[in-house]
Amino acid sequence: MSPAVAPPSFPESLSAAIAARGVTLRELVDSLGARGHAVSLSTLSSWRTGRRRPDGAASREVVEALEDVLDLAPTTLSSLLGPSRRPGPRDTAPYSVGGEEGTAEALRALGMSNPHALVESSSHVVLDVDLTGRVTRLTARAAWLARTPGAHHAPYFVAVDTPAASSSSTAEAAVATPHAADGAISALEPPTIRAVAGCTIGATHHRAETGLFAAELRLHRPLETNETVITEIELSGMLGGPDEPGWDLMVTRRQRVLALWVRFDPRRVPRTIHAITHDARGSVRRRVAAIGPEAHLLQPGFGPGTAGLRWEW
């Protein structure tokens, strides 16, 4: 019988990935910095040699970013770290969907005491816009990563502007937020949500006066730490008014890829479309050319921040 072969360690896997990509540590430092992760050359060197181990929240975020920079599958490196030796949650950014009180109320209604147990590593949102300029359907596909053992559910928020309040939304899951149009609609009825694949819909919460809608995405089974899952959900109904002028996706945690794809009715395509992003590095606005009746925004290594499309009819 052949002896069991021990799996590669974190330093061995990191060294092999660096060699395979043919990059220097300085190039890695620059690539990580461009993604918003400040790390020193000496730190990367100590991780590669095994003198030190990434352990804190910020360090583990860097490791996840390294997987992206080195073209590795999610959790290739982070799964080799084991549990953190530092107590306490890794994510401390608060939710503020419809205000902190409204968010806390929604999370209580969903029965979520730890909304950061399951986090998105990437998200892809598709919007369908009809002839009147109204968003009629939202499809959201997401890849999720379990950060604690037993993670089994996550919140998803949609904030629709109402005459009484203009929504400002952030959440762990990418939050879909229509950009307020003139004469914003009254979101008296919640949108309809259904699970397409990868999950079921648990509890839901709707606050008509603020337009905040929240739903519990419940996985088919609890996950182990660093295990991943992909979900797809669909929302329809009160997602915006006629002549909707835009849509935002908001995240509180860095994602590998954030994508927004808007599909307009071919009989009515906006005159101009702009992509707008805002994060710690500042705000950027740029013109986007429609491809047929469609437009998209693709942001690799983005967050925390806001990314969206604005259009003019």
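The present account deals with the structure reproduced in this document. Throughout, residues of each chain are indexed from 1 in the direction in which the sequence is written. Local features in this predicted model are restricted to residues whose pLDDT is 70 or higher, and side-chain atom pairs enter the listing and the counts only when it is 80 or higher, whereas totals over whole chains, interfaces and linings include all residues. Note that water and hydrogens are dropped before the side-chain values are worked out from all heavy atoms of the structure.

## What to know about the pairing of strand β7 (residues 212-223)
The pairing criterion for strands is at least two bridges between them, as found by DSSP. The way it works is that DSSP assigns letters per residue, a run of H or I at least four long becomes a helix, a run of E at least two long becomes a strand, and they are numbered from the N terminus. Pairing of strand β3 (residues 151-159) with β7 involves eight bridges; the strand directions are antiparallel. When the bridges of β7 are listed, H153 appears paired with R218. Examined bridge by bridge, strand β6 (residues 200-207) and β7 share six bridges and lie antiparallel to one another. Across the sheet, H206 pairs through a bridge with F213, a residue of β7.

## Side note on the sheet that holds strand β2 (residues 135-146)
In spatial order, the strands read β5-β8-β2-β1-β10-β13; together these six strands make up an open sheet with mixed pairing. Here the strands that pair on one side only, and so sit at the sheet edges, are β5 (192-197) and β13 (294-302). Between one strand axis and the next, the sheet turns by 15° as a mean value, whatever way the strands run. Where helices are involved, their axes are fitted lines through C-alpha atoms of the stretch in contact, as for all axes, and angles between N-to-C directions lie from 0 to 180°.

## Re the environment of V29
Relative to the helices and strands, V29 is located in helix α2 (residues 25-34). We classify V29 as buried; its relative accessible area is 11%. Placed 15 residues apart in sequence, V29 and L44 show a C-alpha to C-alpha distance of 8.0 Å. Whether two residues are in contact is decided by their heavy atoms, any of which lying within 4.5 Å being enough. Look past the residues within four positions of V29 in its chain and what remains in contact with it is V39, S40, L41 and L44. Note on classification: 1.4 Å probe, protein chains only; a residue is buried when its accessible area is under 20% of the maximum for its type, exposed when over 50%, partly exposed between these limits.

## A word on the pattern of salt bridges
In the sections that follow, a salt bridge refers to a side-chain nitrogen of Lys or Arg positioned within 4 Å of a carboxyl oxygen of Asp or Glu. With the rule as written, the count across this model stands at 14 salt bridges. Across the pair R207 and E105 runs a salt bridge whose closest N-O atoms are separated by 2.3 Å. Here E105 lies in helix α5 (residues 100-110) and R207 lies in strand β6, a separation of 102 residues in the sequence. Between E312 and R271 there is a salt bridge, with the nearest N and O atoms lying 3.7 Å from each other. Of the two residues, E312 is situated in strand β14 (residues 305-312) and R271 in the loop between β10 (255-264) and β11 (272-279); the sequence distance between them amounts to 41 residues. Taking relative accessible area as the criterion, E312 reaches 40% and is therefore assigned partly exposed.

## Here's the deal with the environment of V284
Structurally, the position occupied by V284 is in strand β12 (residues 282-288). For the pair V284 and H274, spaced 10 residues apart in sequence, the C-alpha to C-alpha distance is 10.0 Å. Once residues lying within four places of it in the same chain are set aside, the contact partners of V284 are A275, I276 and T277.

## Some details on the nonpolar core
L138, Y156, L235 and L309 are the most contacted members of the largest nonpolar core, which has 43 residues in total. Broken down by element, the residue count for this core peaks at six residues, all from β2. By size, the runner-up hydrophobic cluster in this structure holds 19 residues, among which are L28, V39, L66 and L77. Think of a nonpolar core as a cluster: buried Ala, Val, Leu, Ile, Met, Phe, Trp, Tyr and Cys residues, connected wherever their side-chain atoms sit within 4.5 Å.

## Topic: helix α3 (residues 41-49)
Those residues of α3 that sit buried are T43, L44, S45, S46 and W47. Remark: G50 follows α3 within two positions and exhibits a positive phi of approximately 90°.

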